[in-house]
Amino acid sequence: MSQFTIEQMRTFLTVVRLGGVHRAAVALNLTQPAVTTRIKTLETALCCSLFDRTSGGLKLTKRGELLLTYAERLEHLAELVRRDVIDPAALDGRLRIGASETVAQCWLPELASRLHSTYPKVDIELKVDVSSELRDALLSREIDLAILLGPISEYSVDNIVLHGFELAWYRAADGETLGVPADYLKRPVLTYAKNTRPYRELKEYLFDHIGPEASLMPSSSLSACFRLVEADMGVAALPRILGKPHVSEGRIREFDPGWVPSPLQFTASYLTEPKSHITETAATLALEVSATYAAQNTI
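Residues numbered from 1 in each chain as written. Predicted model: local features only at pLDDT ≥ 70, side-chain atom pairs only at ≥ 80, totals over all residues. Heavy atoms only, no water.

Participant: Before we move on, can you summarise the side chain of Arg141 with the specific residues and values?
Facilitator: Tracing the chain through its elements places Arg141 in the loop between helix 7 (131–139) and strand 5 (145–149). No salt bridge is formed by the buried Arg141. Its closest oppositely charged neighbour is Glu273, at 5.5 Å. Among residues more than four places away in sequence, those in contact with Arg141 are Arg17, Leu18, Ala27, Arg96, Leu271, Glu273 and Pro274. (Helix = DSSP H or I, 4+ residues; strand = E, 2+ residues; numbered from the N terminus. Buried < 20%, exposed > 50% of the residue type's maximum accessible area, 1.4 Å probe, protein only. Lys, Arg positive; Asp, Glu negative; His and termini not counted. Salt bridge = Lys/Arg side-chain N within 4 Å of Asp/Glu carboxyl O. Contact = heavy atoms within 4.5 Å.)

Given below as structure tokens:
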């Protein structure tokens, strides 16, 4: 019997967990032929077939099911070695972090800096996207850590609740002045992208209090929302910490219509399998960094 490698076992586990070679290739950042070659090499080393290849996809053989149990144990032991034995400064690999734009504009750079100091040889990849896309990317293992409007209600995901962001209403500084602040909500309302909790909450409130004629303009870009408010294209409920410099420069103004959406609640979410000390450390650091940022930027 030839020798097998931990990387071959990791590839085998990824194919099993994601149900196919294509998804495993995306998760492992490999080509499909490379994944197929690793599986075939592992089968050669073990002198047995691990999958039955049918028109419906891959199905574990009896020996494949047996290997799955041992491969999970091997993966766990390897992670314990990485956590307890190897110097963090010597660990290499890749950590893929996905974050919402709000976090990216606030404390994501500090998190990346802290992680680089702890794991200088680990390549850190950053992806900024809306929460619904980040959720899908995490579940398909395209990213390792998602910092998003959470939590993610999946048995396979752990969520660490982070410090949130208070929202405030904004209008153009040189726009038309209305007598009653609530009347500003009859104007177009710029808001977060569809399929997010802030959008849903705002839509329900406006439809209840303004009626079906309420106008919402969803956007996946906070920067665009602030610029559109400044241009008097509408009003918006946006993170107060990000609105503060625009207000101090006299470009926009806060107003109080008598109601404000709930604070944005983010979580650092990651998959429980495979267990990764680096990912768990990153999630814990995200909590520390978000707490420090909140304390330093209390308004």
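What follows picks up the thread again.
Participant: Describe in detail helix 1 (residues 6–18), supporting the description with residues and values.
Facilitator: Here helix 1 is 13 residues long and its end C-alpha atoms lie 18 Å apart, about the 18 Å a rise of 1.5 Å per residue gives. Among the residues of helix 1, Gln8, Met9, Thr11, Phe12, Leu13, Thr14, Val15 and Leu18 are the ones counted as buried. Once helix 1 ends, the next one or two residues include Gly19, with phi positive near 80°. (Expected span 1.5 Å × (residues − 1).)

Participant: So what's going on with the state of the cysteines? Which residues, and what values?
Facilitator: What makes a disulfide is a covalent bond joining the sulfur atoms belonging to two cysteines. If you walk through the whole model with that rule in mind, you get zero disulfides. Free cysteine Cys47: the closest other cysteine sulfur is in Cys48, separated by 7.6 Å. Sulfur of Cys106: no disulfide; nearest cysteine sulfur belongs to Cys225 and is 14 Å away. Given a relative accessible area of 13%, Cys106 falls into the buried group. (Disulfide = S-S within 2.5 Å.)

Participant: Give me the nonpolar core: which residues, what numbers.
Facilitator: Counting residues in hydrophobic clusters, the biggest one holds 42 residues, and the most contacted among them are Val103, Trp107, Leu111, Leu115, Leu145, Ile147 and Phe165. When residues in this core are grouped by element, the largest group, seven residues, is from helix 11 (residues 277–296). In this structure Trp107 touches Ile147, Leu162, Phe165, Ala286, Val289, Ser290 and Tyr293, once residues within four positions along its chain are discounted. Grouped together as the second largest cluster of nonpolar side chains are 18 residues, Met9, Val35, Leu50 and Leu68 included. (Core = buried A, V, L, I, M, F, W, Y, C linked by side-chain atoms within 4.5 Å.)

Participant: Describe the sheet that holds strand 9 (residues 216–218), and please don't skip the residues or the numbers.
Facilitator: The strand order across the open sheet built from five strands is 9-8-10-7-11, with neighbouring strands paired in mixed fashion. Pairing within the sheet leaves two strands with one partner each, and these edge strands are strand 9 and strand 11 (252–255). Averaged over all adjacent pairs, the angle separating strand axes in this sheet is 35°, with direction ignored. Contacting strand 7 (167–172), strand 10 (235–239) and strand 11, helix 10 (residues 240–248) runs over the sheet at an angle of about 30° to strand 7. (Pairing = 2+ DSSP bridges. Axes fitted to C-alpha atoms, helices over the stretch in contact; angles between N-to-C directions.)

Participant: Go over unusual backbone geometry with me, naming the residues and quoting the values.
Facilitator: Gly150 connects to Pro151 through a cis peptide bond whose omega is 5°. Checked against the element boundaries, Pro151 lands in the loop between strand 5 and strand 6 (157–161). The step from Glu273 to Pro274 runs through a cis peptide bond, and the omega angle for that step is -5°. Structurally, the position occupied by Pro274 is in the loop between strand 12 (266–271) and helix 11. Positive phi is not limited to glycine here, since Asn29 has a value of about 60°. Mapped onto the elements of the fold, Asn29 is located in the loop between helix 2 (21–28) and helix 3 (32–46).

Participant: Go over the pairing of strand 5, please, and point to the residues and values.
Facilitator: Where burial is concerned, most of strand 5 is hidden: five out of the five residues are buried. Relative to strand 5, strand 3 (residues 93–99) is paired through three bridges, and the arrangement is parallel. What sits directly across from Ile97, in strand 5, is Leu145. The pairing of strand 5 with strand 12 spans four bridges and is antiparallel. Bridge pairing links Ala146 to Ser269 in strand 12.

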